[in-house]
Amino acid sequence: MLARLENVTKRYVKTEGVRDLSLDFPAGEIVGVLGLNGSGKSTLLKLLAGLLFPTSGTVSAFGRPPRAVRGRLVFLGETDALWSWMTPADACRFMEGLYADFDVARFHELLEVLEVPRRKTKTMSKGERGRLRLAMALARSAKLFLLDEPLAGIDLISREKIMRSLVHEWHTDETILLSTHEVAEAEGLFERVVYLREGRLALDARAEALRAGGKGVVETFKEVLA
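Residues numbered from 1 in each chain as written. Predicted model: local features only at pLDDT ≥ 70, side-chain atom pairs only at ≥ 80, totals over all residues. Heavy atoms only, no water.

So, the sheet that holds strand β3 (residues 30-34)
Backbone-to-backbone hydrogen bonds join strands into a sheet, with any given pair of strands oriented parallel or antiparallel.
Piece 1. Strand order in the open sheet formed by six strands is β5-β6-β7-β3-β8-β9, and the pairing between neighbours is mixed. Taken across any chain shown, the strands that pair with only one partner, and hence form the sheet edges, are β5 (73-76) and β9 (200-206). Averaged over neighbouring strand pairs, the angle between their axes works out to 15° when direction is ignored.
Piece 2. Here β3 pairs with strand β7 (residues 175-179) via four bridges, running parallel. The residue of β7 that forms the bridge with Val-31 is Leu-177.
Piece 3. Strands β3, β8 (192-197) and β9 of the sheet are contacted by helix α8 (residues 217-225), whose axis makes an angle of about 20° with β8. (Pairing = 2+ DSSP bridges. Helix = DSSP H or I, 4+ residues; strand = E, 2+ residues; numbered from the N terminus. Axes fitted to C-alpha atoms, helices over the stretch in contact; angles between N-to-C directions. Contact = heavy atoms within 4.5 Å.)

See below:
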């Protein structure tokens, strides 16, 4: 099993991010992590990334605590932390120095596919910066990718490029967990969908099974989380 949560609860000062959550993530899936604001999506991904510790229960990736295998997984958060002076070439040197599994050739291919301009990030649009950040993440030779709202707040064209790139770059031995509010646009990506409501698991289902039952991912989202 690539990643696992067993009876996991994460408490903050006044709230719980997730409650008694148990999920398994095998290799070779693109999973939609869906829910309303405050449902626990980011908490789930950060727990798997080793950025948060569970209050109770256990979290593992590759059979070990996530912090022990941080070099084998990728977390792409919502925060745009690119320095204003940074160009794609600077980003390449930064990532190459930081991660032994960073594939420079793949990164430059992604820049072309995602049409990232070769200029400083301070002159880029939010969508262009988002595409650069995704190229930096996907150029890692990891097996578990945790993408937290990579489509948030960016333009339609950029979202389409990102989704095409996710499909094109995905390998069958990799697992991608994608949190997004752009459910309708991303529905075609998902093989499996995990719906969260107030930190609890509301539904874990195969996307194709939902469609076969006459309800797609979006319709189920409305029904389960309304």
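Let's talk about the pairing of strand β6 (residues 144-148)
Piece 1. Along β6, five of the five residues are buried, which leaves the element largely enclosed by surrounding structure.
Piece 2. Of the two faces of β6, the one holding Leu-144, Leu-146 and Asp-148 and the one holding Phe-145 and Leu-147 are both buried throughout.
Piece 3. Examined bridge by bridge, β6 and β7 share five bridges and lie parallel to one another. Following the sheet pairing, Leu-146 is matched in β7 by Leu-177.
Piece 4. Each parallel crossover has a hand, and the one from β6 via helix α5 (residues 156-169) to β7 is right-handed. (Buried < 20%, exposed > 50% of the residue type's maximum accessible area, 1.4 Å probe, protein only. Right-handed = clockwise from strand over helix to strand, strands pointing away.)

Side note on the packing of aromatic side chains
Piece 1. If you walk through the whole model with that rule in mind, you get four aromatic pairs.
Piece 2. Centre to centre, the rings of Trp-83 and Trp-85 are 5.7 Å apart; their planes meet at 10°, and the pair counts as stacked.
Piece 3. Judged by its relative accessible area of 47%, Trp-85 is partly exposed.
Piece 4. Measuring from centroid to centroid gives 5.5 Å for Trp-83 and Phe-94, while their planes differ by 85°, and the two rings are edge-to-face. Taken as a pair, Trp-83 in the loop between β5 and α2 (88-98) and Phe-94 in helix α2 lie far apart in primary sequence, 11 residues in all.
Piece 5. Here the aromatic residues Trp-83, Trp-85 and Phe-94 are joined through ring pairs into a cluster of three or more. (Phe/Tyr/Trp six-rings, centres within 6.5 Å; stacked < 30°, edge-to-face > 60°.)

What to know about helix α1 (residues 41-49)
Piece 1. Within α1, seven of the nine residues are buried, leaving the element largely enclosed by the surrounding structure.
Piece 2. Within α1, the full set of buried residues consists of Lys-41, Thr-43, Leu-44, Leu-45, Leu-47, Leu-48 and Ala-49.
Piece 3. Positive phi shows up at Gly-50, right after α1, with a value of about 80°.

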